[in-house]
Structure formats: C-alpha cells, structure tokens
Amino acid sequence: MVRYRVRGGNALRGTAFIQGAKNAVLPMIGAALLAARGRTVLRNVPIIEDVRRAVELAETIGAYVELHESERTLVIDASRLSSPVLPAEIARRFRGSVLFTPALLHRLGEAIVEGVGGCNLGSRNLDFHYLGYKRLGAVVDEGETVIHVKASGLTGATLYLDTPSHTGTENLIMAAALAKGTTVIENAALEPEVLDVIDMLTKMGARISGGGTGFITVEGVDELHAVEHTVMPDRLDAGVFAMAAAITGGELSLVGTGLDLGVVRYKLEQMGVDFARQGAVLHVRCDRPLRPINIITDTYPGFATDLQSPMMTVAALADGTSYIHERIFDGRFALAGELNKMGANVEVDGNRAVVHGRTPLTGARVTAHDLRSGIALVLAGLAAEGETVIESGYLIDRGHAHLAARMRALGADITREISEH
Ligand SMILES: CC(=O)N[C@H]1[C@@H](OP(=O)(O)OP(=O)(O)OC[C@H]2O[C@@H](n3ccc(=O)[nH]c3=O)[C@H](O)[C@@H]2O)O[C@H](CO)[C@@H](O)[C@@H]1O
Ligand SMILES: C=C(OP(=O)(O)O)C(=O)O
C-alpha cells in the first residue's frame, strides 16, 4: 500500500524537471516490439509504474528488456517474441497493455488479450481498435473476458473513428504500418504524443503522412527496424507543476525541451498565473489571488481531460465560482467527494461540476480514485492547512516519476510511504 503524506503551506520554488511523457512512452514500447531485429533504445523514459508494468509485459511475451532507471533509458530487443498472451495479472494493471496488440498480430499472427487496465473513469470501450483490426483483415473473437485477435497478414483499408481515440489511433497506425497496401485513418487523434509516436515509427521505416491533420495515411512496408528515440516531455506532469506553483504562491522554472502547455497555460493565465518563456525553460509564478475559470475538456487541442482533476483543485482555491464540463470520460468526478472532505464545495451534476471557491482547505485522509484525482489531491494537500494523507498512492505512481522527491526539492513537505495495509 503506497500513500502520500503532505503538510501544506510551503510555496514551491526552484527548477522542476519535467519527466518524459507516459502517454508517448507506452505506445513507443509497443512500437519497439514491431522490430523483428536489433535493439531499440528509448531515452527520457519516465520511471513510473506503468513503464515497469510495460517492461514486465514485454518480457512475458518474450522480449529482452533493460530498464536503466538512473539513465532513464530503455533497451528493447524484440527479435524473439514467443507468446501471444497478454496475461490478465499484468495487462489489467495499465491501459498501455492494449498497445502491444499490433506487434503480436504482425509478429506471431495472433494476440490473446486477457484484460486491459487503466484508470477507472467510467466506460472505456475498445470497439474502434477491434473494428479497425477487422477492417484490416483480422478475425476478432470477443469473449466475456478474453479477446482473441488473429490475422495471417493485414491489408490496408479506410478506417474511421467515431471519436479521435488516442490509443485507438496509435494502434491502428501500428497495425497499418506493416500491412499490405494503403490505410487511411479518418478522424485520427491529434495529440502531440501521437505525433511523437509517428516520428519514432517513421524513423523505424514506416511511411506515415497526415499526422496532426485528423486524416492519416499509412503506406504499409515489409519491415521496421530498431531505432533510438527520445520521448517527448510530459505536458500533464508539466501542467501539474505549473498548478503547484499557482496554488502555493510559488515560482517555478519548468525544464523540458520544447514544452508547450497550450490551452492549460491560457486557462491558468486567465486565472491570474504568469508565464514567461525563457528559451527552453518555461517560467511560472503566481503572486495574486486566483480568479475562477470555465473548463470544457476535449481532445487535443482542447483542454486535456487528464488535467481536469488537478484543475478542479485549483478552482477550489480561486475566488468565485468555476464551471467544469467533462466531455471525454463519464466517471471522472470521483475527486469532488474527496476534495469536499478537505473543505471544498464542489457540486456534481452528471458530467458537469460547479466549484464554489474559495474555500480554505484542511488536511484530511483522502483516497485517489485514479491517477489524476490522486495528483489533484496532492495539490490540494500542498495548499491545505495541516496534514493530508492520500491513500492508493500506487495510482499516482502509475504516471508521475519520483513525485515526492521532485516536490521536496522545490520546498514541499511531502513523503511517500509504503505499508502492509
Ligand atoms: C495510455 C494513454 O494514452 N491514455 C490516454 C488516452 O486513453 P485512451 O486512448 O484509452 O482514450 P481514448 O482517446 O481512446 O478515449 C476517449 C473516449 O473515446 C471512447 N472510446 C475510445 C476508444 C474506443 O474504441 N471506443 C470508444 O468509445 C472512450 O470511452 C472515451 O470516452 O487518451 C485519454 C484521452 O485523452 C487520456 O485520458 C489517457 O491518459
Ligand atoms: C487516464 C489516464 O491514463 P490511462 O489511459 O493509462 O488509464 C491518465 O493518464 O489520466
């Protein structure tokens, strides 16, 4: 059992080192498994639990993997994949397990998916993935718990996603990369992480065009080769550190090459937070009361649903009433009840929340229901009076590397504890 203990009141100051992106490295591990020869090297790998699970899963199917934690480097040799089974005990612990299917299909002709995990956010269908595989020529047998996908070779086709699914787009690009002929994916995801994965696949020899336009064309090739690639910075981790500066009246320099916070920056600026770009460093500070805000989550370039929870904490600390409309996931408001235990006043009605700020927050024992509600509670703890204990801290570790150490280096009073219960 992992828990975080936070004593609030300290302003965060200094240089925050932003990790590599969770939502880019996981598909990249899946992409590395497409290379039948050689060793892939991934740099700037975030040392998070999801990466550890991905390493375990890759080893289970026969890949040779070295995770060099202090160098934040992964070395993957997928030349001898031996098992098509993604076993439930690992695959159910993270969402990224779904990204191993294309490699298994191409390399072993089948993938047996015993489960897919990830944050518990309401319905999280995979129908676009499986419909896409079918259109490319695979046979998909969807059992009660196990999904069996088989293909003796995929053929390009025109695919359409009802909504621009992030992992759906990545999976279908990977499936199309080694298919015969041309695939067009319409209504494809635009997220920067998807573009980073396309960059890596292109280096590997894939022929992909249209990334970032919503219409992706993939010309299948016969093989992909192992490459070295540096994972882009994690804009969600960066957003959290910017918010930590905002709510504690602090001042941080965010270091992470090419970091672009997009709409999150503009929303925080509307709330009164100052940003200044100094070359590759993004400077953030806040020395005035926060103003309330309206947020509507959307796919990129809209406001990322993954930062909606941390933003709810920021809104609880703003002077006035903020409105949040969650449009991506139907179960992402479990945070409200936990924040209310700390003294917040958040009302939820379906997929809308009204946050009545500013209410002073007081330390309490609270529970992370998913990764982002967990980090939102850490933020609340930083701004609360007294001590906040956040249970189910493993969920935070799924997506943030060395969180307590990185925040302590900036002046926060935060510890990570492990206990039997
Ligand atoms: C590992 C990873 O990259 N996770 C991210 C990815 O999750 P993930 O890729 O799972 O999210 P999707 O973009 O696929 O899902 C978005 C919405 O589409 C729906 N949908 C999706 C696929 C499908 O086949 N059918 C369907 O109905 C989902 O139920 C959800 O309502 O994007 C989410 C939305 O930006 C982020 O919160 C996650 O952090
Ligand atoms: C929803 C998230 O992740 P996953 O898709 O890995 O569950 C998240 O990172 O907030």
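All values derive from a computational prediction rather than experimental measurement. Along each chain, residues carry numbers from 1 onward, in the same order as the chain's sequence is written. By the order in which they are written, chains take letters starting at A while ligands take numbers starting at 1. Local features in this predicted model are restricted to residues of pLDDT 70 or higher, and side-chain atom pairs are both shown and tallied only at a pLDDT of 80 or more, whereas totals for entire chains, interfaces and linings draw on every residue. Side-chain numbers here rest on the full set of heavy atoms in the structure, without hydrogens or water.

Considerations on the sheet that holds strand β1 (residues 2-7)
Within a sheet, adjacent strands bond to each other through the backbone by hydrogen bonds, running parallel or antiparallel. Quick reminder of the rule: In this analysis, strands are considered paired if DSSP registers two or more bridges between them. Strands here are runs of E lasting at least two residues and helices are runs of H or I lasting at least four, both read from the DSSP assignment and numbered beginning at the N terminus. Comment: axis = line fitted to C-alpha atoms, over the contacting stretch for helices; angle = value between 0 and 180 degrees taken between N-to-C directions.
Strands sit in the order β22-β23-β1-β24 across an open sheet of four strands; the sheet is mixed. In this open sheet, the two edge strands, each paired with only one partner strand, are β22 (365-367) and β24 (413-418). Across the sheet, the mean angle separating the axes of adjacent strands is 20° when strand polarity is ignored. In this structure, β1 lies alongside β24, joined through six bridges in antiparallel fashion.

Quick notes on the side chain of E170
This is how it is decided: Each residue is assigned to one of three classes by its accessible area relative to the maximum for its type, calculated with a 1.4 Å probe on protein chains only: buried under 20%, partly exposed between the two thresholds, exposed over 50%. In this count, Lys and Arg are taken as positive residues and Asp and Glu as negative ones, while His and the chain termini are left out. Salt bridge criterion: a side-chain nitrogen from Lys or Arg within 4 Å of a carboxyl oxygen from Asp or Glu. Two residues form a contact once any of their heavy atoms are found within 4.5 Å.
Within the fold, E170 resides in helix α6 (residues 166-177). The buried charged residue E170 lacks any salt bridge, with R235 as its nearest oppositely charged partner at 8.9 Å. With residues up to four places along the chain from it excluded, the contact list for E170 reads N23, P27, L99, E193, V194 and V197.

Section: a negative patch on the surface
To keep things clear, this is the line we draw: Patches draw on residues past 30% relative accessible area with no salt bridge. Two like charges within 9 Å are joined, as are two nonpolar side chains (Val, Leu, Ile, Met, Phe, Trp, Tyr) within 5 Å. Accessible surface area values rest on a Shrake-Rupley calculation with a 1.4 Å probe, where residue burial reflects the displayed protein chains alone. To locate a charge, the coordinates of NZ of Lys, CZ of Arg, CG of Asp or CD of Glu are taken.
A surface patch of negative charge is lined by D127, D141, E142 and D162. Here D127 is to be found in helix α5 (residues 127-135).

What to know about the site of ligand 1
Going by this rule: For this purpose, a residue is taken to be near a molecule or strand whenever a single non-hydrogen atom of the residue falls within 4 Å of it. We call two N or O atoms a polar contact when they sit within 3.5 Å, provided that within protein one can donate a hydrogen and the other can accept it, with sequence-adjacent residues counted only if both atoms are side-chain atoms. The nonpolar class holds Ala, Val, Leu, Ile, Met, Phe, Trp, Tyr, Cys and Pro. Asp, Glu, Lys and Arg form the charged class, and all remaining residues, Gly among them, are polar. Domain start and end points were adopted from an automatic or database domain assignment.
D127, S165, T167, D306 and I328 are the nearest of the 18 residues found near ligand 1. The separation between an oxygen atom of ligand 1 and a polar side-chain atom of R124 is 3.0 Å. Within the backbone of H166, a nitrogen or oxygen atom sits 2.8 Å from an oxygen atom of ligand 1. Counting only elements with at least two residues in the shell around ligand 1, the list comes to α5 and α6. With three residues, α5 is the largest single contributor of residues to the shell around ligand 1. Split into classes, the residues belonging to the shell around ligand 1 amount to four nonpolar, nine polar and five charged. Per-domain counts for the shell around ligand 1 show at least three residues from each of domain 1 (2-19 + 233-418) and domain 2 (22-230).

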